[in-house]
Amino acid sequence: MKLTALLMTSALTIGSSAAWAAPTIGQPAPDATLRDTTGTVHQISDFQGKTVVLEWTNHDCPFVKKHYESDNMQSLQRKAAENEVVWLTVISSAPGKQGHVTPEKADELTESRNAAPSAVTLDEDGSAGKMYDARTTPHMYVINPEGALVYAGGIDSIPSADPADIAKAVPHLDLAMVATAAGKEVPVASSRPYGCSIKYAD
């Protein structure tokens, strides 16, 4: 079985049904509490006045590897920093599940991949992920300086694990982030997320 077919059957999740309510575009973003790898607690409402990107991730997911091994995710993180956008990476894998990491391992991954988020946060109980109805890795969100959710969905428009597709895809997250940071309307406010299912606790 070709790798692409295997991934499509074993890992890909697109628009699966949610067990909890999804946040609404244009409404206040859920005020999740996130603890980063240094122990610092971040409250989403504390970032009023800034654009915020939330990135759900799982380093073992082929769809996440697509965007990290190509440097696409890191490039977006660097662009966020240049535009004074807060970028929080969120790991909601439960202990014992694929993608779960310790704070030390998360920092090691950040360094080895030359990643540049504002912080990497650990959401072991999945509370933040469920508040945002995060279903896949990656699953991306943009919050505007007024605290409203203005984008939710995929990082781009082509649901594959092939890095060659990145250049051909519509970069939904990039467009939403840059527009929001510039005080402009987001061109596409939602799209279907794609990737591996988040490994929440049962």
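Preceding this paragraph is the structure being described.
Notes on the structure in this doc start here.

Conventions used here
Residues numbered from 1 in each chain as written. Predicted model: local features only at pLDDT ≥ 70, side-chain atom pairs only at ≥ 80, totals over all residues. Heavy atoms only, no water. Helix = DSSP H or I, 4+ residues; strand = E, 2+ residues; numbered from the N terminus. Rg over C-alpha atoms; globule rule 2.2 N^0.38 Å. Buried < 20%, exposed > 50% of the residue type's maximum accessible area, 1.4 Å probe, protein only. Contact = heavy atoms within 4.5 Å. Areas by Shrake-Rupley, 256 points an atom, 1.4 Å probe, with all protein chains shown as cover. Lys, Arg positive; Asp, Glu negative; His and termini not counted. Charge placed at Lys NZ, Arg CZ, Asp CG, Glu CD. Pairing = 2+ DSSP bridges. Axes fitted to C-alpha atoms, helices over the stretch in contact; angles between N-to-C directions. Core = buried A, V, L, I, M, F, W, Y, C linked by side-chain atoms within 4.5 Å. Disulfide = S-S within 2.5 Å.

### Here we look at the overall build of the protein
- A count of helices and strands for the protein gives six helices and ten strands.
- The globule rule puts the C-alpha radius of gyration for 202 residues at 17 Å, and the 15 Å found for the protein is close to it.
- Judged by the C-alpha coordinates and their principal axes, the protein covers about 50 × 35 × 35 Å.
- The burial tally for the protein puts 50% of its 202 residues in the buried class.
- Taking as baseline every contact in the protein between residues at least 6 positions apart, the subset at least 24 positions apart corresponds to 75%.
- Per element, the accessible surface of the protein, about 9,300 Å² overall, is 52% carbon and sulfur.
- Side-chain charges in the protein split into 16 positive and 24 negative, and the spacing between the mean points of these groups amounts to 7 Å.

### Points about the pairing of strand β8 (residues 139-143)
- Counting buried positions along β8 gives five out of five residues, so the element sits mostly inside the fold.
- Residues H139, Y141 and I143 line one face of β8 and the alternating positions M140 and V142 line the opposite face, and both faces are buried.
- Looking at chain direction, strand β4 (residues 52-56) and β8 are connected through five bridges and run antiparallel. Among the inter-strand pairings, V53 is bridged to a residue of β8, identified as V142.
- As judged from the four bridges shared by β8 and strand β9 (residues 149-153), these two strands associate in the antiparallel manner.

### Here we look at the sheet that holds strand β2 (residues 33-36)
- The strand order across the open sheet formed by seven strands is β3-β2-β6-β5-β4-β8-β9, and the pairing between neighbours is mixed. Single-partner strands in this sheet number two, and they are β3 (41-43) and β9. The mean inter-strand angle of the sheet, taken between neighbouring strand axes irrespective of direction, is 30°.
- Inspection of the sheet shows β4 paired to strand β5 (residues 86-91) by five bridges, in the parallel sense. When the sheet's bridge partners are listed, V52 is paired in β5 with V86.
- Relative to β5, helix α3 (residues 72-82) is tilted by about 140°, and along the sheet it contacts β4, β5 and β8.
- Along the sheet, helix α6 (residues 172-181) contacts β4, β5, β8 and β9; its crossing angle with β8, the most-contacted strand, is approximately 10°.

### Here we look at the nonpolar core
- Residues V53, W87, M140, V142, I155 and L173 are the most contacted members of the largest nonpolar core, which totals 22 residues.
- Of all elements in the fold, only α2 (62-69), α3, β8, β9, α6 and β10 (194-197) reach the threshold of two or more residues within this core.
- One finds L54, Y132, A134 and I198 within the second-largest nonpolar core, a separate group that totals 21 residues.

### So, the state of the cysteines
- Within the structure shown, the criterion is met by one disulfide.
- Paired through a disulfide, C61 and C196 show a sulfur-sulfur distance of 2.2 Å. Taking the torsion about the S-S bond as the criterion, the C61 to C196 disulfide, at about 90°, is right-handed. Residue C61 is located in the loop between β4 and α2, and its partner C196 is located in strand β10; the two are separated by 135 residues in the primary sequence. Here C61 matches C196 in class, with each residue buried.

### A short note on unusual backbone geometry
- Residue T137 is joined to P138 through a cis peptide bond whose omega torsion reads -5°.
- Note that P138 resides in the loop between β7 (136-137) and β8.

Everything listed here is a matter of geometry and, on its own, says nothing about what the molecule does.
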